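# Remarks on the overall topology
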Amino acid sequence: MSRYLAQRGGAVSDPRERDKLLYWYVNSFLWGRYAGSTESVLNQDLGVIEDIEGGLDRLIEGLRRDRGDLRLHAADFLGWSRGARFYPLLYMLTRAWGALDWETGVELKGHLLGNLSSLELHHIFPKARLYEAGYERSQVNAIANFTFLTKETNLKVSAKDPATYLAAYAEKDPAFLSSHWIPLDPKLWRVDRYEDFLAARRGLLAAAGNDFLESLRRGDVPEDGVEIRVVERERASVPGGIGGEDEEDLLIEVNQWVVSQGLPEGEFLFELADPDTGEEYVVLDLAWPDGIQEGLSVPVALLLNEPEETEAAANRAGYRYFTDVNSFKSYVDREVLVVEDAA
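Residues numbered from 1 in each chain as written. Predicted model: local features only at pLDDT ≥ 70, side-chain atom pairs only at ≥ 80, totals over all residues. Heavy atoms only, no water.

### Quick word on the pairing of strand 1 (residues 119-123)
- With four of its five residues buried, strand 1 lies for the most part within the structure.
- Relative to strand 2 (residues 146-150), strand 1 runs antiparallel, the two sharing five bridges. Looking across to strand 2, one finds that Leu121 is bridged to Phe148. (Buried < 20%, exposed > 50% of the residue type's maximum accessible area, 1.4 Å probe, protein only. Helix = DSSP H or I, 4+ residues; strand = E, 2+ residues; numbered from the N terminus. Pairing = 2+ DSSP bridges.)

### Considerations on a negative patch on the surface
- A cluster of acidic side chains, namely Glu245, Asp246, Glu248, Asp249 and Glu253, defines a negative patch on the protein surface.
- The class for Glu253 is partly exposed, based on a relative accessible area of 47%. (Patch = residues over 30% accessible without salt bridge, like charges linked within 9 Å, V, L, I, M, F, W, Y side chains within 5 Å. Areas by Shrake-Rupley, 256 points an atom, 1.4 Å probe, with all protein chains shown as cover. Salt bridge = Lys/Arg side-chain N within 4 Å of Asp/Glu carboxyl O. Lys, Arg positive; Asp, Glu negative; His and termini not counted. Charge placed at Lys NZ, Arg CZ, Asp CG, Glu CD.)

### Notes on the packing of aromatic side chains
- Counted according to the given criterion, the structure contains 16 aromatic pairs.
- Look at Tyr25 and Phe29: their rings are 5.8 Å apart centre to centre, the planes differ by 70°, and that puts the pair in the edge-to-face class. Taken together, the residues Tyr25 and Phe29, both in helix 2 (residues 15-30) and four residues apart, mark about one turn of the helix.
- Overall, Tyr25 belongs to the partly exposed group, its relative accessible area being 39%.
- Considering the side-chain rings of Tyr91 and Phe148, the 5.1 Å spacing of their centres and the 90° angle between planes classify their relative orientation as edge-to-face. Highlighted residues: Tyr91 in helix 5 (residues 87-96) and Phe148 in strand 2, separated in sequence by 57 residues.
- Overall, the relative accessible area of 32% leaves Tyr91 in the partly exposed class. (Phe/Tyr/Trp six-rings, centres within 6.5 Å; stacked < 30°, edge-to-face > 60°.)

### A word on the packing of helix 5 against helix 12 (residues 194-218)
- Close contact between helix 5 and helix 12 brings their axes to 11 Å; oriented N to C, the two are set at 65°. Taken together, the axis directions place helix 5 and helix 12 in an arrangement best described as roughly perpendicular. Regarding helix 5 and helix 12, the two cross each other, and that crossing is left-handed. Between helix 5 and helix 12, the residues in contact are Leu90, Met92, Leu93 and Ala96 and Arg201, Leu205, Ala208, Gly209 and Phe212, respectively. (Axes fitted to C-alpha atoms, helices over the stretch in contact; angles between N-to-C directions. Parallel < 35°, antiparallel > 145°, perpendicular 65-115°, else oblique. Left-handed = near helix turned anticlockwise from the far one by under 90°. Contact = heavy atoms within 4.5 Å.)

### With respect to the pattern of salt bridges
- On inspection of all chains with the given rule, the structure shows 18 salt bridges.
- Ionic pairing is found between Asp290 and Lys127, a salt bridge with its closest N-O pair at 3.4 Å. Remark: Lys127 occurs in helix 7 (residues 127-132) and Asp290 occurs in the loop between strand 4 (280-288) and strand 5 (300-302); sequence separation between them is 163 residues.
- Ionic pairing is found between Arg218 and Glu214, a salt bridge with its closest N-O pair at 3.7 Å. Here Glu214 and Arg218 lie together in helix 12, a separation of four residues that amounts to about one turn.
- Judged by its relative accessible area of 44%, Arg218 falls in the partly exposed class.
- Residue class for Glu214 comes out partly exposed when judged on its relative accessible area of 25%.
- Connected through shared salt-bridge partners, Arg33, Asp45 and Asp66 make up one network.

### Quick word on the packing of helix 2 against helix 12
- Put simply, helix 2 and helix 12 touch, their axes get as near as 6 Å, and they point 140° apart. Classified by the interaxial angle, the pair formed by helix 2 and helix 12 is oblique. In the crossing of helix 2 with helix 12, the sense of the turn from one axis to the other is left-handed. Facing Asp19, Lys20, Leu22, Tyr23, Val26, Asn27 and Leu30 of helix 2, the residues of helix 12 in contact are Leu213, Leu216 and Arg217.

Take a look at the structure:
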């Protein structure tokens, strides 16, 4: 994409060409275009666009040739956790495809929300209720159980029974639910029908994803009249972050170790944001915002070589943080794995 833009003076002026480029980009990350032998695939794609005329069509054709089919299917949304490949697509659909805030009816687009521009991940079926019903972590954190809400709405919904709160919003306006691709059959909102709910929502997400991507390919995604130039946006210096390749390799190794223990993976460069303004104020190297025992323990973070202000911010946000790998692993061994084994 950088090379494509550089060939054109650093910008694409035609909105239809821009959307088509985004179509290629989204499909590239959905299908792991550069997840394998990156260098050879990258060189191949760079060669394809060397001749400027028709380069974008050739890029898309290369994707289609390798995949055979670029259409999304319900099974593509079978993944779980925020690390799943289709998780960013769900967020993108929410931001770009008309999802509504359940309390105000406002579209969840960043420039329309002002102080509420920051969205929070919401489990449609609350984690505690699903764990009580005997569901596994991978089922509880299924992508099809995720949506995004403003902090205010998320706090109001909290851990309410979906059969109750979804019915209330559906009565208010069915579009509140359908805009989040939630099936409107009330029988599917019961915990004992959770698996059926997931299957139905996966189908709705696949249909919405196909409509969105096809609109990008055709270049007919509606313009909203607001232009936000990211490179011109003033941004305050935010403390925190990974300090070099050695530190990054160590964090990756720690995360892999956690996963090898049968525990959820952490999130790299997790952003803490002000709940009122949505402004990011600190970045945590590696974090488990829901706790390493999801729903049962406090948020946890591993902070390597960070200043005191980063540690203080993590502490204020309710995180239990560790500043070296050995103490972090001791915590996992002593307080998490012992409990898991006992259970």
